Structures are given as C-alpha cells and as structure tokens.
Amino acid sequence: MKTKYREFLAIEITPELEGKKVRIAGWVHSVRRVGKIAFLVLRDFTGTIQVTFRVPRDADDETKAKFKELVKKVASLSPESVVMVEGVVRKDPRAPRGVEIVGENVEVLSEAKSPLPLDVAGKVDAHIDTRLAARPIDLRRPESQAVLRLVSLAAKAIRSYLYELNFTEVFTPKIIASGTEGGAQLVPVFYFGKDAFLAQSPQLYKELLTSSLEYVFEIAPAWRHEESDTPYHLAEFISVDVEMAFADYNDVMKVLENVIKRVTDNVRNEGSTWLKILNHEPPEVTLPIPRISYKEAWEIIKSEGFDIEPGEDFGTPELRKLAEVLEKEGKTSGGFFFIVDWPADVRPFYTKRKGKEIIGGRELDLSESFDLNWRHLEISSGSTRIHRREELEKEMSLRGLNPESFEWYLKWYDYGMPPHAGWGMGLQRLMVPIAGIPNVRLATTFPRDMKRLVP
RNA sequence: GCCGCGGUAGUAUAGCCAGGCCUAGUAUGCGGGCCUGUCGAGCCCGUGACCCGGGUUCAAAUCCCGGCCGCGGCGCCA
C-alpha cells in the first residue's frame, strides 16, 4: 500500500523496476562505507534493501559536491534511525539481492540514539531478560519478529477452521465478580468501588453461550496470579477457548486435533519465510492424535519407578518420562498425545463424571476429560461439562465452593441448558512446538509475568 | 515458595576454583582515519565495565556474610 512516506516496501523492490525512481522508508539496518561509496541497508517489516550512495564520475563539480555531502551524511547515520530514501532502482549483480536503489536523497525522520540497548543487526545474541527489557527494539530483530508472525498465522488458522465449522467468535467479559474455578489465584481490580477480578478463564460465560449461539469460541487474554515462575507460565496469557452444544469430550477432541493439524499445516505453508529465519520445522501431525487413558499413563509412570498414588495428578518429571516412553513407542503424533479419562477429583467442578475404575488397586471416580500434551507440556485441557444444576451444585460443594456465590451462573441451568463440551488452550504454549521457542514469553508481544509489568 | 547456577563496558563473554603477573583480555558496538562494490567488509588509532553493602587480608573482580536482580529445575497451573 502506497502511503505518504513510501511507494514501495523493501520486498517489492525487484529487478523489474529497473530505472524507476522510488521512495521508500524504514530503519537503518546497517551502514557500510567503502571509500567514496556508502551502502545503506534499509529495513522494513518485509525485509531489507540496499541503497547505494556514490559520487557520479561524469558529473559537474556542483553535482559531485552535492553527492559527496550525501555520502558523508549517509555514512554518519546511526543504526535504527528512521529514514525516507529516494533513488532509482538498479539491477546489479553486485547487490545482495541482485537489485538495489541508487540513492539520491535521504531524509531522517527520527534519529536513533547510540548505543542501542541490544544489537538489532544480530551479531551478538542477547539474553532473554535483556531482550524483554528492550522488547520494542528486540522485535526489530528478524528472529523475534518471526515468532510473532507465526503466532499470527496460528491464530488465523484456528479462526478460519472454526468459522468453517460454523462457530461464532465471541467476546466475554474480562472483569468478573468471582472466580470460576478453584486453585488459580485471581488478579484483583477495583470496579466502581467494588472488588472485582480479572477473568482467569471465560469458562462459565462460554458455557452459558452454548444455550444460544451453540458453537462458540474466543481468543482472548486470561489472568492468573500464580506463583509459577517457569518458561511456560505467564500472569497474562492468550487463551483459545472452544465450547460446543450437543457434543461430548470425544467430539471436541476431534475439533481440537483438527485445529492442531490446521495450525501446523498452515504455519508450514504460509510461514516458510519465518520458519526459515528460525531454522525450525513444526511437528508433522497425522490424525488422529493418539489417546492414552489416565490409567495407562499412570501405569507407565508407576512402572518407570515413580512414587505416585492412584488418582494423583502428574508432575513435570512424570510427564517428561511419560512423553519419552510414548514417543519411543511411536504413540504420539509429532510429540502430541491426549491423556483422557482423568480422575474426577483432580478436575474442575463442571467436569462430567464417567463411572468408576480400578487403578493401582484403588477404585477411582473418573471423568469425561482430557489433556492435550506436547511432550511434557500441557497445551490444552477440556471435558464434557455437566449440564444439570443439581450435579453442578453437588460438585461445587465437594470442592468447597459455595453454590450461592455462583447463582448468577447456575440459575440459567433451570431454563434449558444443552449438553455441551469444550476446551481451553494456551496459545503461547502451542507456539513452543510450532515456532520452536524455549519460552512462552517469546510468543508474547509484551509478556506479563511475576516480575514484569513494563514494558 | 523451595533447590541449583549466575551478576564483569550498550550487548555478549574471558578472568574467579588455586587473591598479587588485572594498568581487567576478546568479540560486537561507538568516535576518528585509509579504501569507488561492501554484503558478519578489512586494516590502523581511540572509547567504554568488575550489581549493592559489610567483612577477611599487606593486597579482593577473585575468599566470607547480607541484600537486590536474573536464569534454570521443582511445586502449582494453560
């Protein structure tokens, strides 16, 4: 798109434009001066283009003097300054992309101070802490930008698939009166003099919406004030939530595995430029993604020598080992696998029960629930939900929650709530295998964690 | 919250265990110089740092104590 400041983007400068006078704008990626020539590499969000400034050999003295000044001016530009450049496109095999712009004029729109907080041109790697502290500038680095590009492509793939299935994208309130689930710590806010909280999940609202829009999804932030200081936790993360009327957990697992498939395929197709920069290939996902029951998983973990009680949730070392065993036996799809039928006790109150089973010599109440893991990392979890009020109240009481404080939610179960099921997925966690990043913060524009509130 | 490791120029690192040879090395950056095709340009000159406080010692970047900060692991969770 042509704007006041530029007629072309860096990537659009091609040999076919030979001889055309163009105006472009962007950042000073680098300047190299070789004798009387100055090479300016200009960068925008599409890439880089070299602009060459030189004194023409066969020109009059006045022109020569003008260009001599220009070369000097270009050579003195500080890296990351914002400039607008005018010049003529020239096909030249000596130029990095076989084409360059012979510069005729430079206007500095914004001068960058020196030194920079980190090396944008990327000769010296910075630590993640340095990068996040200087995130606006870190994101100018192609590697950093590539990750956010892939996040965007992933979100696009999720949306397009769910729209195809007739899901409605919804937006639920993010300021709420009470917690939806036990456990996770809520982030308090002041709300017109009342105590309120930031939503830790759209769970209850998306469930209520299945009684009208039926198939709904949301991609939005969620907040958890947990004491979780790891590469996989954020105080504010992007949650992909799906909820479906007249469906059970097997139905929504199918939706989920197709979402994963669509994301990996779409990222591979449309994101090759960014994957190449990151030197990464997303996992090859074939459907169906293998399912393993909690019982089977528990038995594998137990047989690997872990001291674990029947009905206990799995810890990270246990999940690492389980994933290792399953991968060795080819029982994952590109590292993805489902663990289904969890003990009801370790799942939230709205999870539908499934009957009893003997595990490790103990009789346990199971539930119609699942986790989707990529190796040891929990990417998503979901379940068939309870759609009867009495059962919900019972489950709340069992978990020490007071049904009265959920009356605003429960009362609508008296007026025709369909059977439904759904899941929630951490978008940044999904990006760990998709973009090959070691830390979910890198898939976040400006991450919020226990220690970071700015930038 | 617990455990482990760490904090040296703008960035990334060497030095620390075995205190003195550190006037703290290197890369990159930055300032200047040479060079009319660089493309991680090259060469020359210059520039800039031991997290904070206390202690041990003739002597501390180095050893000890406390604090602050960071990274990783665990727990908890998406």
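Procedures and definitions
- Residues numbered from 1 in each chain as written.
- Chains lettered and ligands numbered in written order.
- Predicted model: local features only at pLDDT ≥ 70, side-chain atom pairs only at ≥ 80, totals over all residues.
- Heavy atoms only, no water.
- Domains from an automatic or database assignment.
- Contact = heavy atoms within 4.5 Å.
- Buried area = accessible area lost by both parts, 1.4 Å probe.
- Salt bridge = Lys/Arg side-chain N within 4 Å of Asp/Glu carboxyl O.
- Polar contact = N/O pair within 3.5 Å; in protein donor to acceptor, adjacent residues only side chain to side chain.
- Nonpolar A, V, L, I, M, F, W, Y, C, P; charged D, E, K, R; others polar.
- Near = heavy atom within 4 Å.
- Helix = DSSP H or I, 4+ residues; strand = E, 2+ residues; numbered from the N terminus.
- Axes fitted to C-alpha atoms, helices over the stretch in contact; angles between N-to-C directions.
- Parallel < 35°, antiparallel > 145°, perpendicular 65-115°, else oblique.
- 1 Å grid on protein atoms, 1.4 Å probe; cavity = no way out; pocket = protein on both sides within 12 Å on 5 of 7 lines; lining within 4 Å.
- Points joined across faces, edges and corners; volume = space filled by probe spheres on them.
- UniProt positions renumbered as here; feature names shortened; annotations may be inferred.
- Buried < 20%, exposed > 50% of the residue type's maximum accessible area, 1.4 Å probe, protein only.
- Pairing = 2+ DSSP bridges.

1. Description of the domain arrangement of chain A
For chain A, the assigned domains read domain 1 (10-110) and domain 2 (136-443). A C-alpha centroid distance of 50 Å is found between domain 1 and domain 2. Counting from both sides, the interface comprises four residues of domain 1 and, opposite them, four residues of domain 2. Summing both partners gives a buried area of about 370 Å² for domain 1 against domain 2, and 42% of it is carried by carbon and sulfur. Seen at the junction of domain 1 and domain 2, the total is one salt bridge. Remark: the boundary between domain 1 and domain 2 carries two residue pairs in polar contact (both at pLDDT 80 or more). Residues of the side of domain 1 that touches domain 2, tallied by class, amount to two nonpolar, no polar and two charged.

2. Examining the protein's contact with RNA strand B
The environment of RNA strand B is made up of 53 residues, and the closest members are R32, R54, S228, H233 and E378. In the interface set of RNA strand B, defined as its atoms within 4 Å of the protein, sugar plus phosphate atoms amount to 58%. A distance of 2.3 Å separates a base oxygen of RNA strand B from a polar atom in the side chain of R54. Breaking the surface near RNA strand B down by element, the ones donating at least two residues are β1 (21-34), β2 (37-44), α2 (128-133), α9 (316-328) and β17 (377-384).

3. Description of the packing of helix α8 (residues 294-303) against α9
Put simply, α8 and α9 touch, their axes get as near as 10 Å, and they point 100 degrees apart. Relative to α9, α8 is oriented roughly perpendicular. Between α8, through A297, I300 and I301, and α9, the contact on the second element is made entirely by E318, L322, V325 and L326.

4. Points about empty space enclosed by the protein
Remark: the empty space left among the atoms is shown by a probe the size of a water molecule rolled over them. The final tally for this structure, using the stated rule, is one cavity of 30 Å³ or more. Its volume calculated, the largest cavity comes out at about 30 Å³. Taken together, L132, R135, F446, P447, R448, R452, V454 and P455 make up the full set of residues lining the largest cavity. In terms of residue class, the lining of the largest cavity is built from five nonpolar, no polar and three charged.

5. Topic: the UniProt feature "binding site: Mg(2+) 2" (unreviewed entry) in chain A
Taking the numbering used here, the UniProt-annotated feature "binding site: Mg(2+) 2" (unreviewed entry) corresponds to E378 and S381. Structurally, E378 is set in strand β17. Not counting residues up to four positions away in its chain, the partners in contact with E378 are D371, L372, N373 and R429. Within the secondary structure layout, S381 lies in strand β17. By relative accessible area, which is 28% here, S381 ends up partly exposed. Those residues within four positions of S381 in sequence are excluded, and the remaining contacts are R347, F370, D371, W423 and G424.

6. Topic: the sheet that holds strand β3 (residues 47-53)
Ordered by their spatial adjacency, five strands build a closed barrel running β1-β2-β3-β5-β4, and the pairing between neighbours is mixed. Strand-to-strand, the axes of this sheet are offset by a mean angle of 50 degrees, without reference to chain direction. Pairing geometry for β1 and strand β4 (residues 82-91), over seven bridges, is antiparallel. Among the inter-strand pairings, A25 is bridged to a residue of β4, identified as M84.

7. Topic: the sheet that holds strand β8 (residues 187-191)
In spatial order, the strands read β7-β9-β8; together these three strands make up an open sheet with antiparallel pairing. This sheet does not close on itself; its edge strands, each paired only once, are β7 (175-176) and β8. Sheet topology places β8 next to strand β9 (residues 194-198); five bridges connect them, and they run antiparallel. From the neighbouring strand, V187 faces β9, where its bridge partner is L198.

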